[in-house]
Amino acid sequence: MSRVIAFPVALVLVLAGCQTPPAPPTKPQPICAGGDVMMQTTLWFGLSKPQGGTVSSLEWMNFVDKEVTPRFRDGLSVYDAKGQWLGENGQLARENSKALMLIHRFDPAVNNHIEALRTLYKKRFGQESVMRIDAPVCVGF
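Residues numbered from 1 in each chain as written. Predicted model: local features only at pLDDT ≥ 70, side-chain atom pairs only at ≥ 80, totals over all residues. Heavy atoms only, no water.

Looking at an unreviewed UniProt entry, one finds the protein named Ribosomal protein S3, with Pantoea conspicua as its source organism.

Asker: Just to check I follow, could you spell out the nonpolar core for this structure?
Answerer: Soluble globular proteins tend to bury their nonpolar side chains together. Core analysis: the largest hydrophobic core is formed by 17 residues, its most contacted members being Phe45, Trp60, Phe63, Val68, Phe72 and Tyr121. Taken together, the elements giving at least two residues each to this core come down to strand 1 (36–46), helix 2 (57–71), strand 3 (92–104) and helix 3 (108–125). Take this core: its biggest share by element is 5 residues, from helix 3. Excluding residues that lie within four positions of it along the chain, Phe45 makes contacts with Trp60, Phe63, Asn96, Ser97, Lys98, Leu100, Tyr121 and Val130. (Core = buried A, V, L, I, M, F, W, Y, C linked by side-chain atoms within 4.5 Å. Buried < 20%, exposed > 50% of the residue type's maximum accessible area, 1.4 Å probe, protein only. Helix = DSSP H or I, 4+ residues; strand = E, 2+ residues; numbered from the N terminus. Contact = heavy atoms within 4.5 Å.)

Asker: Whenever I open this one, helix 3 confuses me. Can you help?
Answerer: Side chains of residues three or four places apart in an α-helix project in the same direction, reflecting 3.6 residues per turn. Over its 18 residues, helix 3 extends 26 Å from the first C-alpha to the last, a length consistent with the 26 Å expected when each residue adds 1.5 Å. The set of residues buried in helix 3 consists of Val110, Ile114, Leu117, Arg118, Tyr121 and Phe125. One face of helix 3 carries all of its buried residues, which in axial projection span an arc of 95°. When the buried face of helix 3 is taken as reference, the exposed residues oriented beyond 90 degrees from it are Pro108, Asn112 and Lys123. Residues of helix 3 that are buried sit in contact with strand 1, helix 2, strand 3 and strand 4 (131–139). N-cap assignment for helix 3: the residue whose side-chain oxygen lies 2.9 Å from the backbone N of Ala109 is Asp107. Backbone geometry just downstream of helix 3 places Gly126 in the positive-phi region, at approximately 65°. (Expected span 1.5 Å × (residues − 1). Arc of directions from axis to C-beta. Polar contact = N/O pair within 3.5 Å; in protein donor to acceptor, adjacent residues only side chain to side chain.)

Asker: Help me understand the pairing of strand 2 (residues 77–86) in this model?
Answerer: Where strand 2 meets strand 3, 10 bridges bridge the pair, whose relative direction is antiparallel. Looking across to strand 3, one finds that Leu86 is bridged to Leu92. Between strand 2 and strand 3, which follow one another and run antiparallel, lie 5 residues, and Gly90 among them has a positive phi close to 85°. (Pairing = 2+ DSSP bridges.)

Asker: Sorry, what's going on with the pattern of salt bridges here?
Answerer: For side chains bearing opposite charge, pairing can occur when the charged atoms are close. Summed over all chains, the structure comprises 7 salt bridges. Its salt-bridge partner being Glu115, residue Arg132 comes within 2.6 Å of it at the nearest N-O pair. One end of the pair, Arg132, is in strand 4; the other, Glu115, is in helix 3, with 17 residues separating them in the sequence. Residue classification places Arg132 among the partly exposed residues on the basis of a relative accessible area of 22%. According to the relative accessible area criterion, Glu115 is partly exposed, its value standing at 28%. Connected via shared salt-bridge partners are Glu115, Arg118, Arg132 and Asp134. (Salt bridge = Lys/Arg side-chain N within 4 Å of Asp/Glu carboxyl O.)

The following block contains the structure:
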């Protein structure tokens, strides 16, 4: 092969590896064997009040009935949970908690509802945080 032909061929081969990487997806793309791609959000609500006492069963149910359910009319699940961590002072800390699981479509309005719940709970019950975990899931009904 002559030098005149070899250089353009080599240049094409080198440049073939210099493609612009694809843009990241705007939402996770799991592969579903069946059902639809949706989002699972789990919120973890501590029940100990910093000023002492705990969020009562009645207070919790009022929060779920009046704040959560109107925002998530399609349904939700609540689980009893027990949190545990080692404090900065080396002391073991435990706290009864509630885990709230929501299955929903990818939608900015849903995110706003979730963040409103977190903010409201922290303010109403003096909480430092409400942990949020989001994961794409495959859902079939």
